[in-house]
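One-letter residues, chain by chain:
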Amino acid sequence: MHVARLSLTDYRNYARAELDLGPGATVLVGRNGQGKTNLVEAIGYLATLGSHRVTGDQALIRAGADAAIVRALLTHGDRELLVELQLNRQGANRAQLNRSPVKTRELPRYAHSVLFAPEDLAIVRGEPSVRRRMLDELLVQRTPRLAGVMADYERVLRQRNSLLKSARARGLAADKLTTLDIWDERLVALGSELIDQRLALMAELADPLAAAYRSIVDADHAPGLRPVLSIDGADPDDERDGLEVAERPDGADTRTRFTEALRLLRPKELERGVTLAGPHRDDVVLLLNAMPAKGYASHGESWSFALSLRLASAELLRRDSTTGDPVLVLDDVFAELDRLRRERLAVAIAGFEQVLVTAAVLEDVPEPLIARVVHIEAGEIVDGLVTASGAADA
Ligand SMILES: Nc1ncnc2c1ncn2[C@@H]1O[C@H](COP(=O)(O)OP(=O)(O)O)[C@@H](O)[C@H]1O
Ligand SMILES: [Mg+2]
């Protein structure tokens, strides 16, 4: 798929903007703070229903405005779809498909994109939550229904945590908490589905990840993904809370292990007032040559891993999607990379239907990607499509 036209109203620093885009590569250039990332962030929002930079929508609405509107004309083969999203300062957001109202969470069915950003280094070096989020965003793009499961899980988790906290406050014993059992069942049902979905996704990512890494590095460092599950006693956030590995029921299915983990952890949970096992506390160890990339990999290797994960994600979306290729967005990424990685990345993404690149200076962008350049200045698109030779397109 590709975005044929993007219109923004009161989005971030854009009062109004219209941008025609074509398939192939387009580079958005402008000094820092002019609105390049804002523009591509809007496309990412349609695909993931969130910004990669902030949680919550308030910051996306232009200061002083009550609502932001992101409208995109999407081309899927010979089909055109108009998707529109209104982010409201107050009240629920609204979405339209071809001018008819749809649920907001339907939008990711039509808009697929994979964003590469400087923040991606945190996938390798950052906290487990960054890796969980990477996996979950990809899950939602592949299976939009899971957005509902994730929201339900979060809700059950919050309820269960507040029950644990109030039980702690009232000094209730673990076996006096029959209401907790009901929440446990919900937590296990929803959480087990998410755990199994993430495990299946990691397995599917393995081959495309290896291929992507080879294309960026030209060496086989055997990149791999090793799930770390809190229901099996691992706790990436706090070692002390782990179950004894010896206690873990081997070979049982996810639900059984999850239920058993909650049983074993209940006294500790009452003490702490939080839920200690479930997908919200899982992690995935990124391996290079059988060692964790976090802590071992060099800066360059860490970047290669992060890029490879994004490329592999794009490959999976392309492979099993009815909408064709996802739109690849490379936000300020080339400035972070050495020359060789830049060139190899440019080759790796060349086959995708649409690639949007942002950069402060054109010199950072590999030559083959500079077919069309759009200049951005202070929340305005100062020129439309300009070819590499400098002549404006008709
Ligand atoms: N809600 C908002 N209302 C008005 N301006 C905003 C809003 N959010 C961000 N901005 C402005 O957008 C600019 C940053 O744009 P950004 O796209 O990140 O720049 P860059 O071109 O460096 O990628 C900053 O000047 C910031 O103040
Ligand atoms: Mg930026």
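Residues numbered from 1 in each chain as written. Chains lettered and ligands numbered in written order. Predicted model: local features only at pLDDT ≥ 70, side-chain atom pairs only at ≥ 80, totals over all residues. Heavy atoms only, no water.

A. Just the overall build of the chain, in detail. Of regular secondary structure, the chain possesses 9 helices and 16 strands. Taken over the C-alpha trace, the chain has a radius of gyration of 23 Å; the compact-globule value for 394 residues is 21 Å, and the two agree within 12%. Referenced to the eigenvectors of the C-alpha coordinate spread, the extents of the chain come out at roughly 75 × 50 × 35 Å. Among the 394 residues that make up the chain, the fraction classed as buried is 53%. Counted over contacts in the chain with a minimum sequence separation of 6, partners at least 24 positions apart contribute 70%. A total of about 17600 Å² of accessible surface is found on the chain, and carbon and sulfur atoms cover 50% of it. Here the chain carries 50 positive and 59 negative side-chain charges, and the mean point of each set is 4 Å from the other. (Helix = DSSP H or I, 4+ residues; strand = E, 2+ residues; numbered from the N terminus. Rg over C-alpha atoms; globule rule 2.2 N^0.38 Å. Buried < 20%, exposed > 50% of the residue type's maximum accessible area, 1.4 Å probe, protein only. Contact = heavy atoms within 4.5 Å. Areas by Shrake-Rupley, 256 points an atom, 1.4 Å probe, with all protein chains shown as cover. Lys, Arg positive; Asp, Glu negative; His and termini not counted. Charge placed at Lys NZ, Arg CZ, Asp CG, Glu CD.)

B. Just the packing of aromatic side chains, in detail. Scanning the entire structure with this criterion turns up 1 aromatic pair. Their ring planes at 65° and their centres at 6.3 Å tell us that Tyr 213 and Phe 305 sit as a pair that is edge-to-face. Highlighted residues: Tyr 213 in helix α5 (residues 178-217) and Phe 305 in helix α8 (residues 299-320), separated in sequence by 92 residues. The pair formed by Tyr 213 and Phe 305 is uniform in burial state, with each residue classed as buried. (Phe/Tyr/Trp six-rings, centres within 6.5 Å; stacked < 30°, edge-to-face > 60°.)

C. Quick peek at the environment of Arg 132. As for its placement among the helices and strands, Arg 132 is situated in helix α3 (residues 128-142). Sequence-wise, Arg 132 and His 2 are 130 residues apart; in three dimensions their C-alpha atoms are separated by 27 Å. When sequence neighbours within four positions are dropped, the list of residues in contact with Arg 132 reads Arg 198, Pro 279, His 280, Arg 281 and Asp 282.

D. Structural view of unusual backbone geometry. Even without glycine at this site, Arg 99 takes up a positive phi of about 70°. With a phi close to 60°, Asp 332 is a non-glycine residue in the positive phi region. Among the structural elements, Asp 332 can be located in the loop between β12 (327-331) and α9 (339-349).

E. Seen up close, the sheet that holds strand β1 (residues 2-11). Taken in spatial order, the 6 strands of this open sheet run β2-β1-β4-β5-β6-β7, and their pairing is antiparallel. Of all the strands in the sheet, the pair left with one neighbour each is β2 (14-20) and β7 (100-102). Here the strands of the sheet are splayed against their neighbours by 20° on average, with no regard to which way each runs. Sheet analysis places strand β6 (residues 94-97) next to β7, joined by 3 bridges and oriented antiparallel. (Pairing = 2+ DSSP bridges. Axes fitted to C-alpha atoms, helices over the stretch in contact; angles between N-to-C directions.)

F. Examining empty space enclosed by the protein more closely. Inspection of every chain in the model, using the stated rule, returns 2 cavities of 30 Å³ or more. There is about 70 Å³ of room inside the largest cavity. If you trace the largest cavity, you find it lined by Arg 132, Leu 135, Ile 195, Arg 198, Leu 199, Met 202, Pro 227, Val 228, Leu 229, Asp 282, Asp 283 and Val 284. Every element with two or more residues in the lining of the largest cavity is listed here: α3, α5, β9 (224-228) and β10 (283-288). Here the lining of the largest cavity gets 4 residues from one element, more than from any other, and that element is α5. (1 Å grid on protein atoms, 1.4 Å probe; cavity = no way out; pocket = protein on both sides within 12 Å on 5 of 7 lines; lining within 4 Å. Points joined across faces, edges and corners; volume = space filled by probe spheres on them.)

Worth remembering: the numbers are spatial, not functional.
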